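# Results of the structural survey
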Amino acid sequence: MLVGIITTMKSRAVVQPFPPLTPEETQGRNRLKAHVQTLAGTIGGRDAVQYQGLRKAGDYIESQLQSSGYKPERQSFSVGGIKFDNLEAERTGAEVPQQIVVVGAHYDTAGGLPGANDNGSGVAATLELARSFANEKLGKTVRWVLFANEEPPFFQSPGMGSYVYAKRCHEKGENITAMLSLETIGYYSDEPGSQKYPIGFHPGYPDRGNFLGFVSDFKSAGLLRRALKSYRRATLLPATGAAAPASIPGVGWSDHWPFWQFGYKALMLTDTAPYRYPYYHTAEDTPDKLDYDKLARATTGISAIIRDLTSH
């Protein structure tokens, strides 16, 4: 995933050190860590080649959603004669249920690698958020969706799980008011020079990889600004945002991209992956590499975004 270049909403200064995690964040951190350990440590690689791992991950996600009180459904589809599943759970809105916010993450990994950060972190946050909202009364509907097949060879193709899902939403005429893609969100560093950028990126961006990145196309820039505002009110973990043309390579490198193809506003939240994370797409992407305190803080901020987007 690549951060955009054109319209920027940069990080505010952060007060260091952070205050202690709240009791709720501490409990959430422990659950996040347990999810990542199960996905990347116990199950491991999960894709079309490591197919049993993919099936086990789907079963684990389903059981976790059930334990939070949901009745998850599987959207099954076939690519090349192989069956894949997206998993969906819904909290129906009390006031305008036809307006839907989708929060999603892909649960497959690249090349059968462990995928603790990419994308065990995004799956863990989605499961934790689903748990925290399970009994809340929301104005709009929220859907928690875990996608198969984000990674190559399905990436940005009709075989991508999020493409299959967004296409179904479009065909059904569903009013998806916002989509958040949680993509590789667990690695942070305060070291100078730890954050890199593509050639030509604006030099004023932070050189420390201690923020959560918000990425959108121009059509979703309003969503990006609203999300940043909600996030920054809820957590001191910094955030930096950028809106850019979808044609810039990397701006659409996750599960938000298919939603753009079908006319929906969508946003990627990311630690910027290869521009920060030294273990990206390697066998060293293991659970011990993640900063679970900051992942918990990021999840707090994302929770505030969802609460705002689902209010009426």
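Further up the page is the structure itself.
The sections below set out a description of the structure shown in this document. Please read all numbers here as calculations on a predicted model, not as lab measurements. Throughout this description, residue numbers start from 1 for each chain and increase along the sequence as written. Where totals are concerned, whole chains, interfaces and linings use all residues; where local detail is concerned, this predicted model gives features only for residues with pLDDT of at least 70, and gives and counts side-chain atom pairs only at 80 or more. As a convention, hydrogens and water are excluded, and side-chain values are obtained from all of the structure's heavy atoms.

## Re the pairing of strand β4 (residues 96–106)
- Three exposure classes are used, based on accessible area relative to the maximum for each residue type with a 1.4 Å probe and protein chains only: buried under 20%, partly exposed in between, and exposed over 50%. Where helices and strands are cited, they refer to DSSP runs of H or I of at least four residues and of E of at least two residues respectively, numbered from the N terminus. In terms of residue burial, β4 counts as a mostly covered element, since eight of its 11 residues are buried.
- We treat two strands as partners when DSSP finds at least two bridges between them. With eight bridges connecting them, β4 and strand β5 (residues 140–147) associate as parallel partners. Within the sheet, the bridge partner assigned to V102 lies in β5 and is R143.
- Crossovers are described as right-handed under a simple rule: with the strands pointing away from the observer, the path leading from the first strand over the helix to the second runs clockwise. Traced from β4 through helix α3 (residues 116–133) to β5, the parallel crossover comes out right-handed.

## Examining the packing of aromatic side chains
- Two rings from Phe, Tyr or Trp (for Trp, the six-membered ring) form a pair when their centres sit within 6.5 Å of each other. Planes less than 30 degrees apart are called stacked, planes more than 60 degrees apart edge-to-face, and all others tilted. Under the defined criterion, the tally for this structure stands at 14 aromatic pairs.
- Only when the NZ of Lys or the CZ of Arg is both within 6 Å of the ring centre and within 35 degrees of the ring normal is a charge said to sit over the ring. Taking NZ or CZ as reference, R276 lies 4.7 Å from the ring centre of F211, over its face.
- The ring centre of Y279 lies 4.8 Å from the NZ or CZ of K289, which sits over that ring.

## Structural notes on unusual backbone geometry
- Omega for the peptide link from D118 to N119 comes to 10 degrees, which places this bond in the cis form.
- With respect to the element layout, N119 can be found in helix α3.
- Residue P152 is joined to P153 through a cis peptide bond whose omega torsion reads 10 degrees.
- Its identity is not glycine, yet Q156 carries a phi of approximately 50 degrees, on the positive side.
- With respect to the secondary-structure elements, Q156 resides in the loop between β5 and α4 (161–171).
- The exposure class assigned to Q156 is partly exposed, which follows from its relative accessible area of 30%.

## With respect to the side chain of T272
- For T272, the position within the fold is in the loop between β9 (266–270) and α7 (292–309).
- We classify T272 as buried; its relative accessible area is 0%.
- Of the polar contacts made by the side chain of T272, one reaches the side chain of Q195; its length is 2.9 Å. Definition of a polar contact: a pair of N or O atoms within 3.5 Å, with one able to donate and the other able to accept a hydrogen when the atoms are protein atoms, and with sequence-neighbouring residues admitted only if both atoms are side-chain atoms.

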